[in-house]
Amino acid sequence: MGVIRSGQILFLCALALLMVGVLMVTSAGMVIEPASAETPVQVGGGLSPVTMLSGRIGIYMALAMAAMACTAFMPARLVNSLLTPSPRRVWPLLAFGVGMMLVVLLLVYVPGISRNRNFSSRWIEVPAPVLGTVSIQPSEFIKWSMLGLLAWCAVSAGERLQKFWTGLVPLLAALGIVCAVIMKEDLGTAVLIGASGGIILIAAGAKLWHVGLLAPAGLAVVAAGLFTSDYRMRRITSFMDPYADPAGDGFHIIQSMGAIANGEV
């Protein structure tokens, strides 16, 4: 029996996360009405069997797996030649990348393509040749592109990353600006990107106590985002005590617990 390589482990982890994501997204958007002879199962307003890979979800999953396969077989030398860090280009690249991300994030406020759902402007809708109208959440693209840019710039900065003002602060400022824009509509994604970005900087060589100096400011911003939003506070209170409003804010949590309790295997 051959030894499992690190690349294969990474592939399996990514595949497992993809499966969990498909399951979560499908279950969150699924509406099932009582079955009858004329209407076997109705999902999302249309007649179709309940499957995890039907429609757009399956297409998106196939595209994601194809992209992962193409990346896995890309020659390492080619990638290294294209992405070799250059200390002289780190700050211009950082500024350009953050500027482009802000433009993408602000598309959710452009009339005609922006879509407001659940009292939040997080999506845009654009026409696609095969899929028709595609709903895109710009913050999902920023989630991986910001972390990739941060890692690239951290490696390019080299030893300068251990300097507070001329190394760490510019990178944290860029991360904070992007997260602040995202937080207006999506606090959870902003916290995820901010926390992951901090871990990347520490792993790249930033001093832990430097990051710790600015951590209270970040926590204060997150707290302000929570306490100034009734919707976000209801998410917290319903998580702590879903039975306080079983037919409203706590309904989904109670149904989830019921499914786990009664679902058997």
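Residues numbered from 1 in each chain as written. Predicted model: local features only at pLDDT ≥ 70, side-chain atom pairs only at ≥ 80, totals over all residues. Heavy atoms only, no water.

Visitor: Would you mind going over the nonpolar core with me for this structure?
Guide: One broad trend across soluble globular proteins is that nonpolar side chains are buried collectively. Judged by nonpolar contacts, the single largest core of 30 residues is most densely connected at M146, L168, L171, V178 and L201. Contributing elements (two or more residues each) for this core: α4 (90-105), α5 (138-157), α6 (164-183) and α7 (187-204). The dominant element in this core, judged by the number of residues it contributes, is α6, at 10 residues. (Core = buried A, V, L, I, M, F, W, Y, C linked by side-chain atoms within 4.5 Å. Buried < 20%, exposed > 50% of the residue type's maximum accessible area, 1.4 Å probe, protein only. Helix = DSSP H or I, 4+ residues; strand = E, 2+ residues; numbered from the N terminus.)

Visitor: What is the right way to read the pattern of salt bridges from this model?
Guide: Once the charged atoms of two side chains with opposite charge are near each other, the side chains can pair. On inspection of all chains with the given rule, the structure shows four salt bridges. Across the salt bridge formed by K143 and E140, the nearest N and O atoms sit 3.2 Å from each other. Linking K143 with E140, this pair stays in helix α5, spanning three residues, or about one helical turn. Judged by its relative accessible area of 23%, K143 falls in the partly exposed class. For E140, a relative accessible area of 33% translates into the label partly exposed. Two residues, E185 and K184, come together in a salt bridge whose shortest N-O distance is 3.4 Å. By relative accessible area, E185 is classed as buried at 14%. (Salt bridge = Lys/Arg side-chain N within 4 Å of Asp/Glu carboxyl O.)

Visitor: Any chance you could explain the packing of α4 against α5 here in plain terms?
Guide: Two quantities define a packed helix pair, namely the angle between the axes and the distance from one axis to the other. Packing of α4 against α5 brings their axes to within 10 Å, and their N-to-C directions diverge by 175 degrees. Here α5 runs roughly antiparallel to α4, going by the angle between their axes. Counting all contacts with α4, which are made through V90, L93, L94, G97, V98, M101, V104 and L105, the residues of α5 involved are P138, S139, I142, S145, M146, L149, W152, C153, S156 and A157. Among the residues forming the contact of α4 with α5, the class breakdown is 14 nonpolar, four polar and no charged. (Axes fitted to C-alpha atoms, helices over the stretch in contact; angles between N-to-C directions. Parallel < 35°, antiparallel > 145°, perpendicular 65-115°, else oblique. Contact = heavy atoms within 4.5 Å. Nonpolar A, V, L, I, M, F, W, Y, C, P; charged D, E, K, R; others polar.)

Visitor: Hey, could you run me through the confidence of the model for the chain in this one?
Guide: Segments scoring low in pLDDT should not have their predicted coordinates read at a detailed level. With 85% of its residues at a pLDDT of 70 or more, the chain shows a mean pLDDT of 80. Mean pLDDT in the chain bottoms out at strand β2 (residues 46-47), which sits at 46, and peaks at α7, which reaches 90. Low confidence marks residues 41-48, where pLDDT is under 50. Its contacts with residues over four positions away, or in another chain, come to 15 contacts. (pLDDT = per-residue confidence, 0-100.)

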